[in-house]
Amino acid sequence: MDHFIYKNGVLHAEDVSVNEIAAKVGTPFYVYSTATLTRHFTVFDQALEGLDHKIFYAMKANDNMAVLRILAAMGAGMDVVSGGEYAKARAAGVPGDMIVFSGVGKTEAEMRQVLEGGIRQFNVESEPELRRLSRVATGMGKVANITLRVNPDVDAKTHAKIATGRSEDKFGIPMSQARAAYSEAASLPGIEVVGIDVHIGSQLIDLAPYRQAFTKLAELTETLRADGHDIRRLDLGGGLGIPYQRSNEAPPLPVEYGQVIRETVGHLGCEIEIEPGRLIAGNAGIMVSEVIYLKHGEGRNFLIIDAAMNDLVRPAMYEAHHDIVPVVEPRIGVDPEPIDIVGPVCESGDTFAKQRPMPPLDSGDLVAFRSAGAYGAVMASEYNARPLIPEVLVKGDQFAVVRPRPTYEEMISRDTLPSWMES
Ligand code: LLP
């Protein structure tokens, strides 16, 4: 459920008319709903009620400072994958002991940064990373808490580019090498083993792969405990999918996911950690764009809008579907017609939807892309020197720009000229 609904024939974000925001900030832009963000966090928290658990929001989904602050104020920890994310999480007020550090290529500089600033645990993804972390931590006179991310070789049945738990994927340590890796970890100075980590992919719409992976994790927990390791935390990653296509998708609910967790690892007495990103932020945001032209091609029509693949790359990158709705509710009885919805960037890949049934739209009309709160603004670029689009946060009947659109001057001044060039 989200808080983007039609009121008096106009799409609203909570109690604010999207038309009103557009008039104030100009198109295209992202809008986030505070009520939806808080609701999704609460739903996860309730799904794990009774289990000793912590939620680490995967901030790669949406790392706007205002979003981070909302979640941090609710007690969310953060799952970070870079020094930059760590710095932002800390700036949002998240204490180091509520931050877990994931990622397949942590650099020495990043290790130093988070050990210095404080960190709950490193989710280590390889033996070389483990050895480097031991060296860095020892050199600093610190002890790094670690889990090892294992690769359970489970097919998450999601888009190939976001499946991470198969042996062909670059992530984690193969199950078959786990015992040896744990034994090495236990012998290294500056390293304290605290648990196991797994993350099998993103946008999962079936619970079966989770059940498989968590069952393997439970077995591994028993084995490692028998080997003498103190496995007290299980980080189960994120990945629960959201309904991008409301008409025919019904992914599992967090409560059902929570049930799988209870059934597979609930008996182990471990602290359960999860890292949801998309499910918290995805349906808490929309992207709003204006139609520039309606172009009649041969055999098909094109709706050319002012947002492009650089603003929302998911359709171009993952063939992802986003529901696209007119901001002014279509009149009842108006038949939708198939149309291609495209951006102005000079690539055919800059296509948001092909032959999508839409009500009649023309220049100046506004459309909203649903489910754009996760992996939207964070993946945007300034390709074609198109300024990053603004982000707006709504709370009840209030709204505020939480990241302004840069001016052309700001964009130009980011580049610096070498001394040998005349300015
Ligand atoms: N934990 C780890 C270690 C991850 O790699 C990810 C996502 C998450 C948690 C959060 O997964 P989520 O709950 O958001 O599914 N850009 C792609 C998604 C990439 C996901 C990468 N890792 C997209 O737009 O679909």
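Just above, that's the structure.
Residues numbered from 1 in each chain as written. Predicted model: local features only at pLDDT ≥ 70, side-chain atom pairs only at ≥ 80, totals over all residues. Heavy atoms only, no water.

A few words now on empty space enclosed by the protein. Applying the stated rule across the entire model yields one cavity of 30 Å³ or more. Of the voids in this model, the largest cavity is the one considered here, and its volume is about 40 Å³. The wall of the largest cavity is formed by Tyr-30, Ala-377, Ala-380, Leu-388, Ile-389, Glu-391 and Arg-403. Classifying every residue of the lining of the largest cavity gives five nonpolar, no polar and two charged. (1 Å grid on protein atoms, 1.4 Å probe; cavity = no way out; pocket = protein on both sides within 12 Å on 5 of 7 lines; lining within 4 Å. Points joined across faces, edges and corners; volume = space filled by probe spheres on them. Nonpolar A, V, L, I, M, F, W, Y, C, P; charged D, E, K, R; others polar.)

Bringing helix 6 (residues 127–139) into the picture now. Relative to the 18 Å expected for 13 residues at 1.5 Å per residue, helix 6 spans 18 Å between its end C-alpha atoms, a close match to the ideal helical length. At its buried positions, helix 6 is contacted by helix 5 (108–117), strand 8 (121–124), strand 9 (144–151), strand 10 (173–174), helix 7 (175–187) and strand 11 (191–197). Near the N-terminus of helix 6, the side chain that reaches the backbone nitrogen of Glu-129, with its oxygen 3.2 Å away, is that of Ser-126. Positive phi shows up at Gly-141, right after helix 6, with a value of about 70 degrees. (Helix = DSSP H or I, 4+ residues; strand = E, 2+ residues; numbered from the N terminus. Expected span 1.5 Å × (residues − 1). Contact = heavy atoms within 4.5 Å. Polar contact = N/O pair within 3.5 Å; in protein donor to acceptor, adjacent residues only side chain to side chain.)

Within the sequence span of helix 5, burial applies to Glu-110, Met-111, Val-114 and Leu-115. Along the axis of helix 5, the buried positions cluster into a sector of 125 degrees, meaning they face one direction only. Across helix 5 from its buried face, at more than 90 degrees, point the exposed residues Ala-109 and Glu-116. In the stretch just after helix 5, Gly-118 is the one whose phi turns positive, near 105 degrees. (Buried < 20%, exposed > 50% of the residue type's maximum accessible area, 1.4 Å probe, protein only. Arc of directions from axis to C-beta.)

Glancing now at the site of the ligand. The environment of the ligand is made up of 18 residues, and the closest members are Ser-202, Glu-275, Arg-278, Arg-314 and Tyr-375. Arg-278 has a polar backbone atom sitting 2.7 Å from an oxygen atom of the ligand. Expressed as a share of its isolated accessible area of 590 Å², the protein-covered part of the ligand is 91%. More than half of the atoms of the ligand fall within 2 Å of the grid points belonging to the largest pocket. Broken down by class, the residue content of the shell around the ligand amounts to six nonpolar, six polar and six charged. Domain assignment of the residues forming the shell around the ligand places at least three in each of domain 1 (4–31 + 282–413) and domain 2 (34–279). (Near = heavy atom within 4 Å. Areas by Shrake-Rupley, 256 points an atom, 1.4 Å probe, with all protein chains shown as cover. Sits in = over half its atoms within 2 Å of the grid points. Domains from an automatic or database assignment.)

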